[in-house]
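Single-letter residue listing:
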Amino acid sequence: MRFAFTDDHLAFRDAVRDLLAKECPASVVRDAWGHDGRLGAAWSALGEMGVLGAMASEDVGGLALGMAHLVLLLEETGVAALPEPVVEHAAVAMGLLVDPGRALDGTETVTAPFQHDTVMPYADRADHFLLFEDGRIRLAGRGDVTLEPCESVDGARHLARLTLTGDASTVGTGDDLEHAFDRGALGTAAQLVGLSRRMVDLTVEHATERRQFGVPIGSFQAVKHHLADARLALEFARPLVYRAAWSIDSGDPDTAVHVSMAKATASDAATLAGRVALQCHGAIGYSFEYDLHLFLKRAWVLAAAWGDADWHRDRVGRAIL
Amino acid sequence: MDLTFTDSEQRFREECRTWLEANVPRGLPSGDTREGFARHLEWERALFDARWAVVSWPDEYGGRGASAMEWLIFEEEYYRAGGPQRVTQNGIFLLAPTVFAFGTKEQQDRILPRMASAEDLWCQGWSEPNAGSDLAGIQSRAARDQAAGGWRLSGQKTWTTRGAFCTHLFGLFRSDPDAERHRGLTYFLVPLDAPGVTVRGFGRLDGDEGFAEVFLDEVFVPDSDVLGEVHQGWSVAMATTGAERGLTLRSPGRFMAAASRLVDLWRDRGADADPRRRDEVVRAYIDADAYRWQTFLTVTRMTGGEEMGAESSLTKVFWSELDVRIHETALALLGADAERDDTGWMKGYEFALSGPIYAGTNEIQRNVIAERVLGLPRR
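Residues numbered from 1 in each chain as written. Chains lettered and ligands numbered in written order. Predicted model: local features only at pLDDT ≥ 70, side-chain atom pairs only at ≥ 80, totals over all residues.

Peer 1: Pulling in residues and values, what's your account of the overall build of chain B?
Peer 2: Across its full length, chain B holds eleven helices and eight strands. In terms of overall size, chain B behaves like a compact globule, its C-alpha atoms giving a radius of gyration of 21 Å where 379 residues would be expected to give roughly 21 Å. Within the span of chain B, comprising 379 residues, buried residues form 47% of the whole. Taking the contacts inside chain B whose residues are at least 6 apart along the sequence as the reference set, 70% of them involve residues at least 24 apart. (Helix = DSSP H or I, 4+ residues; strand = E, 2+ residues; numbered from the N terminus. Rg over C-alpha atoms; globule rule 2.2 N^0.38 Å. Buried ≥ 20, exposed ≤ 12 C-beta atoms within 10 Å, placed from the backbone. Contact = placed C-beta atoms within 7 Å.)

Peer 1: Break down the overall build of chain A for me, with residues and values.
Peer 2: On a plain count of helices and strands, chain A comes out with ten helices and nine strands. Relative to a compact globule of 321 residues, whose C-alpha radius of gyration would be 20 Å, chain A shows 19 Å and is just as compact. Taking the principal axes of its C-alpha atoms as reference, chain A extends roughly 65 × 45 × 35 Å. Burial analysis of chain A (321 residues in total) assigns 56% to the buried set. Here the contacts in chain A between residues at least 6 apart in sequence split such that 69% fall between residues at least 24 apart.

Peer 1: A description of the interface of chain A and chain B should follow, citing residues and the corresponding values.
Peer 2: Contacts between chain A and chain B engage 35 residues on the former and 40 residues on the latter. Elements that contribute at least two residues to the side of chain A that touches chain B include exactly α6 (175-209), β9 (215-216), α7 (221-250), α8 (255-281) and α10 (309-320) of chain A. The element that contributes the greatest number of residues to the side of chain A that touches chain B is α7(A), accounting for 13 residues.

Peer 1: Give a detailed account of the domain arrangement of chain B, specifying residues and quantitative values.
Peer 2: Residue and element names in this part refer to chain B. Domain annotation of chain B identifies domain 1 (7-87), domain 2 (122-231) and domain 3 (246-373). The distance between the C-alpha centroids of domain 1 and domain 3 comes to 21 Å. Taken together, the contacts link eight residues of domain 1 with nine residues of domain 3. Considering only residue class, the side of domain 1 that touches domain 3 consists of five nonpolar, no polar and three charged. (Domains from an automatic or database assignment. Nonpolar A, V, L, I, M, F, W, Y, C, P; charged D, E, K, R; others polar.)

Peer 1: Any details on the confidence of the model for chain B? Residues and values, ideally.
Peer 2: Of all residues in chain B, 98% attain a pLDDT of 70 or more, and the chain-wide mean is 94. Reported confidences for the modelled complex are a pTM of 0.96 and an ipTM of 0.96. (pLDDT = per-residue confidence, 0-100.)

Following this line, the structure appears as structure tokens:
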């Protein structure tokens, strides 16, 4: 039993962290609200770095990395609230496509709905769409679908409802469905861990600087205890995410249970972190000009996406009770 | 990363399991009563004779030199087999790490083997009537007796767990009367049969005589029973608090076993329960698992040479509140039957409720998390 990442894993993670700090500051997330199509250089830089095609086999130019490696990187995309379908593309699609072609480096983008829905996140910048159907997963190109934009509470998500008007090719059957779903749920859990971290960090920073009654508000126990609770939830969600990633990579028969434990816990942790962050910020956090809501809303939608905490705990319950 | 147990870890687990399944006593009375304590000592000595009492200690002191990971495996198997709470825990898990870190070779050789074999039974003498969460408010004092080559201890300790049944006390005393707060304290080891010691047991919430107050009146302690440097007791003691809050006192095995019993209880009674309780049962099971994996992550880091610092406060809050939730859910499943429950859930609940209080209240722990993990300002 050795539960730690290698120095290589961590160096890759640090490189992604640095890249996102540069290419995806909060201003880029904010800009994504008012824009259709891709913004900033983060996506292509992640593609060049090999992150987007990391799961693809080496034969087709990928890095053949497993989820245990990828979740560390996805956690960073959560920290940045990267407004791109990185989980859908890098964790879900790359595990299905035999030859990802131009999707390998993100020149073309794949997105996916959760479960059998046809609402696609980041639809306006996607070239290919995964469709989860009974017993199979199909892939449709942009020319074979029509997209009708729909509202999202998170304006950076650019949701659209898809209607298939042309052909789609089957890219997965049988167990592929559950495996793809588990990768999507776990990749989302990793992002939720990152979002929790970001919101806790933002709030610690604010509570240290903001003074009332002549002292930093972070010196008050009421504020400290809220933040301690958020930090606690994060502390105990993260190991479950890493463990589930290992289970996926090693084909553990209990993978679905492990993924559900991770997603349920990460969803709850991010929901709590958001609630605490907003409360401890006070009115400034409630204003649209302040960045917190960018992370808060992402946390809300991802906490519910790919199965919310109740759904995942129910899946655990079906296995253990 | 390799989340499978190695062959040798697996063999260790099987060896633990085989012995524990054959030897763990059934139906022991509470170890927090005088007669129950005596029964528990028989069990502790059986553990020692089979070299399971202190697996992580070196062979020369009665251990097996087990790694931290193997120790966790032992704990999982111990509680899985239904092993009772260790009445020797305060010596083995709280004092011993300090003796290993700060004791002289002479002290180690004298103290550790008798602790392992449950011949000497140690209780913790920290809290005082006016020093609880604010431990640095200790008023019990140590006066220098140069002629006799030692110290004279006076004052009162209280909330001393199983103090009425133990033979020795480890505690902090103010050795420099001019120093304040955490300065000028010294860590002493005190035999409870020394002249001038009076121990009075008293009942806990559950009625057991699990508490004691210890009065000291000019009790002589030789220099050889000072642990660490004179006046440095605070920093010496902090090594033990890390162990207490953290995983050594309450390893995941205990809560995995409790969560697993809760799952069994749901299978038995769930059909008649409010369906919302199902989510609570699953949540408890997941949380116990989260503690287990968080611990593996921590132990891997510690094996790599990192120290466990203020993070132990995260652990303490988590396991203590998990324990309360597990028992609350169990009692809800039992409904009115909980009143006359003979399966141990009510007794366990009473004990679980002490978790957020002892070893530093969870309010204090949350302050530590906020200040030392998150870096928020102290004032």
